[in-house]
Amino acid sequence: MASHVASAPRFGTADLSNCEREQIQFAGSIQPHGALLLCREPSRVIVQHSENAAGFLGLTRDLTGLGLTDIPGTLASAIARESNETLHIRPVAVRCEAGSPLRPLTALIHRPPGGGLLIELEPADVQAGTPTAGTPTADAPKADLGPAIEAALQSVLGATSLNALCDEVARSVRTITGYDRVMIYRFDDEGHGEVFAEQREPGLEPYLGNRYPASDIPQIARRLYERNRIRLLVDVGFQPVPLTPKLSPLTGAELDMSLCGLRSPSPLHIQYLHNMEVRATLVVSIMVGGQLWGLISCHHYQPYFVPAMTRCACEFLSEALATRITALENFAEAQAELSARRLEHRMFEVLSREGNWKVALFDNAQLLLAPVRASGAALVIDDEVTVAGDVPSTHDIRAIARWLDERGEEGLTVTASLSRQRGAFESIVASASGVLAVSLAESPGAYLFWMRPEQVRTVTWGGDPTKPVAVGDDPADLSPRRSFAKWHEVMRRQSAPWSKADIAAARLIGAMVSDVILQSRSVRMLIAHDQLEVVRRDVVRSSQPVIIADVAGQILLVNEAFSRLIAGHNQKLETLAQLPDLFAHPAPVADRLQALQAHHLSWRGEVTMRRDGERSVPLLIRADPIFAAADRVLGYVLMVSDLTEQKAADTARLVFQDGIMENNRRASGLIASSNDLMFQTLLKSMFENAQLAALEITDRADSARMSVMLDSVRDSVTRTTEVLRNLFSQTPP
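Anyway, here's the lowdown on the structure attached to this text. Quick caveat: nothing in here was measured; it's all calculated off a predicted structure. (Residues numbered from 1 in each chain as written. Predicted model: local features only at pLDDT ≥ 70, side-chain atom pairs only at ≥ 80, totals over all residues. Heavy atoms only, no water.)

## Focus on the packing of aromatic side chains
Right, so step 1: Counting across every chain of the model gives three aromatic pairs.
Right, so step 2: Here Tyr179 and Tyr304 contribute two aromatic rings whose centre-to-centre distance is 4.9 Å and whose plane-to-plane angle is 55°, an arrangement assigned as tilted. With Tyr179 in the loop between α5 (162-177) and β7 (181-187) and Tyr304 in the loop between β13 (291-300) and α8 (308-354), the pair connects residues that are 125 residues apart, well separated along the chain. Here the two residues Tyr179 and Tyr304 agree in accessibility, since each one is buried. (Phe/Tyr/Trp six-rings, centres within 6.5 Å; stacked < 30°, edge-to-face > 60°. Helix = DSSP H or I, 4+ residues; strand = E, 2+ residues; numbered from the N terminus. Buried < 20%, exposed > 50% of the residue type's maximum accessible area, 1.4 Å probe, protein only.)

## Overview of the sheet that holds strand β27 (residues 632-642)
Right, so step 1: Strand order in the open sheet formed by five strands is β24-β23-β27-β26-β25, and the pairing between neighbours is antiparallel. Unpaired on one side and paired on the other, β24 (555-558) and β25 (603-609) mark the two borders of the sheet. The mean angle between the axes of side-by-side strands here comes to 20°, regardless of whether they run parallel or antiparallel.
Right, so step 2: Pairing analysis gives five bridges linking strand β23 (residues 546-550) to β27, with the strands arranged antiparallel. Bridge pairing in β27 places Ile547 opposite Leu638. (Pairing = 2+ DSSP bridges. Axes fitted to C-alpha atoms, helices over the stretch in contact; angles between N-to-C directions.)

## Concerning the pairing of strand β15 (residues 384-389)
Right, so step 1: Bridging between strand β14 (residues 376-381) and β15 involves six bridges; their strand directions are antiparallel. What sits directly across from Ile381, in β15, is Glu384.
Right, so step 2: Connecting β14 to the antiparallel partner β15 that follows it, the hairpin turn spans two residues, and Asp382 within it adopts a positive phi of roughly 55°.

## Some remarks on helix α7 (residues 267-275)
Right, so step 1: Of all the residues in α7, the buried ones are Leu268, Ile270, Tyr272, Leu273 and Asn275.
Right, so step 2: The first or second residue beyond α7 is Glu277, which carries a positive phi of 60°.

## Focus: the pattern of salt bridges
Opposite charge on two side chains makes pairing possible when the charged atoms of those side chains draw close.
Right, so step 1: The full count for this structure, using the stated rule, is 21 salt bridges.
Right, so step 2: A salt bridge links Glu319 to Arg229; its shortest N-O distance comes to 3.1 Å. Residue Glu319 is located in helix α8, and its partner Arg229 is located in the loop between α6 (219-227) and β10 (230-233); the two are separated by 90 residues in the primary sequence. The exposure classification of Glu319 matches that of Arg229, with both residues buried.
Right, so step 3: Salt bridges sharing common partners tie together Arg229, Glu315, Glu319 and Arg719. (Salt bridge = Lys/Arg side-chain N within 4 Å of Asp/Glu carboxyl O.)

## Digging into the nonpolar core
Right, so step 1: Counting residues in each nonpolar core, the largest one holds 64 residues, and the members touching the most others are Ile184, Ile286, Ile296 and Leu321.
Right, so step 2: No other element matches α8, which puts twelve residues into this core.
Right, so step 3: Setting aside residues no more than four positions away along its own chain, Ile296 makes contact with Val169, Val173, Val182, Met183, Ile184, Leu282, Val283, Val284, Ile286, Ser318 and Leu321.
Right, so step 4: One finds Leu369, Leu448, Val513 and Ile517 within the second-largest nonpolar core, a separate group that totals 35 residues. (Core = buried A, V, L, I, M, F, W, Y, C linked by side-chain atoms within 4.5 Å. Contact = heavy atoms within 4.5 Å.)

## Some details on the sheet that holds strand β16 (residues 412-415)
Picture the strands of a sheet paired through backbone hydrogen bonds; they go either parallel or antiparallel.
Right, so step 1: Taken in spatial order, the five strands make up an open sheet running β15-β14-β18-β17-β16, and their pairing is antiparallel. If you trace the sheet from one side to the other, it starts and ends with β15 and β16, each paired once. Averaged over all pairs of adjacent strands, the angle between strand axes in this sheet comes to 10°, irrespective of strand direction.
Right, so step 2: Pairing of β14 with strand β18 (residues 447-452) involves five bridges; the strand directions are antiparallel. From the neighbouring strand, Gly376 faces β18, where its bridge partner is Met451.
Right, so step 3: Across the sheet, helix α11 (residues 394-407) is in contact with β14, β15, β16, β17 (434-439) and β18; its angle to β18 comes to roughly 115°.

## Things to note about the pairing of β18
Right, so step 1: Across the six residues of β18, six count as buried, placing the element largely inside the fold.
Right, so step 2: Along β18, one buried face is formed by Tyr447, Phe449 and Met451 and the opposite face, lined by Leu448, Trp450 and Arg452, is buried too.
Right, so step 3: Bridge count between β17 and β18: six bridges; the pairing is antiparallel. Bridge pairing in β18 links Gly434 to Arg452.

## Here's the deal with the side chain of Ser172
Right, so step 1: Note on placement: Ser172 falls in helix α5.
Right, so step 2: Excluding residues within four positions of it along the chain, Ser172 makes contact with Ala152 and Leu317.

## Observations concerning the environment of Asp581
Right, so step 1: Here Asp581 lies in the loop between α16 (560-565) and α17 (586-599).
Right, so step 2: The partly exposed category is assigned to Asp581, whose relative accessible area is 45%.
Right, so step 3: C-alpha of Asp581 to C-alpha of Gln571: the two residues are ten residues apart in sequence and 9.9 Å apart in space.

Next comes the structure, spelled out in structure tokens:
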């Protein structure tokens, strides 16, 4: 038990050596600009509350044991109307009047782990601004956010690059909220953050381009950012308001405040902000494909309150930004796929004419290098090395291939710093600092890899990342690094990073070359029977189902992958004439095979294979005649691909479309007020944004991930619709 406590420090007891594990979800206190109530269900009797709750509501009696109906106003009835089934996933905003005297409030409600209904109360009908004595100014006029959100959404839809998109969102969020500084903060693959876009007051020091080490945001905080998408800190100098009783009567343990917007931030985070001289913050998560892509981070240099309605607008823009990022990333991958397809067309054209696929792959270096944005490429296969562009020596290329063999990883290897993987490669950083490699065969030693040179660059960090801790004689001196002056680091021995589009193009080209290699080896088997056993090993072990037949249609080889595909069919395949019986519609297959043998016509088509006792399997079949000369055919090669995942993705796309339409119909009836026109306008723009992202996703190279990405966009649409509902539910008609 003691070791568990040591490994997971309680809230407020962590230092920088163990803050990664601080239990910040068990803060046990809130910020003073609101109040918290925990109710037992279904009675809605208050069992735990913040110590300021009675005063916040203008009541003089203890709230413990009271029912919500005992609180003056409409709090109980407003919550009773809310039966959202996702309250354990995300809070829902409810507008009400409560207290003595009655005043407009926003109640954010959710169900925490352990049960009960948790209610967070904040003043409503206030404008973003500076609080007085910890309480927002209630007399400030409320801005009409509708036109500003609509203008921001149109900017998001019109952005054609990631830089332009993030700049527009940062500008829009600053316009809507009024913060001194708004940044779009993007995480890289190692968890480090970069200020990717920034809008600020003219007199403030720019942070644009600054990088911050991954340790600045502990992993437990990142997980909470994924669950609770928006976090407000009104005043860094706040005095935490404890909960009473300290432990939840529902669980006998500390209250899990993971989804609480009022939750007190970690003292280490407060110290971090003090060091930056920041007084107030708003942070909105950017979730792309189910992962934390980055943050919208807002800073103010005086205490600053942003009401729930404005925060809803920011969350709405964050979801629109995430959907647009998804669309742009998939568009980039689609463009890379297009370039790879051009190379594929060129390869098969030269292969059919000259019979040498390596010539087709390397005779035009740009066709091979451009899709992956590489400066050099090398093919290592059958103990031969073929290169294009700027590459190291053949000896070094063979050494890279041996290193890839030692790693034993199938599929893809990606690194921007080869020399960090193995120091011996430091001598070749000028041409091969970064390597993107694809394995081409089941047996070792066959690779196609692309290279990039070292990119010496200066990275600006927000403070020295090598000195994250300052410790004095007094334990109170323990704090995050005190200086946020720009600290410059010269980055060496690494290339420009490989993007998702680069990786998608490499994967596609690798698969294409693997197919060509398999087909070429099948041809060699037909031509040279004395080499049959050497080639058979690679063909038989290939995961690609293949059949090889001679010119008379007698089947010479059915590899293991094809045998697994037709498991359950008892008849042994001896001739091509037997193949049609394997399929749900034999006649068209028989016609195509007859044309293949009689007229030497290649065939590309989709077929459905019958499986006894199982569902049918959709397949893509490619059948080609193999020519020894223009007028002489050696035989035929048939290759098959399972389309089950692709068909499932197509079904997911249709389900997505139906879900969007149903969501549109349901959402259109949510609001009936003078705000209806603006609500409908925003809904329409939001659905258009989602549809555009879905179109880009369906064009991506990796169809296996399509369903996941569509689910991500669908979840974003659902969340955005709820955010809009919260936004307009809080706006008086």
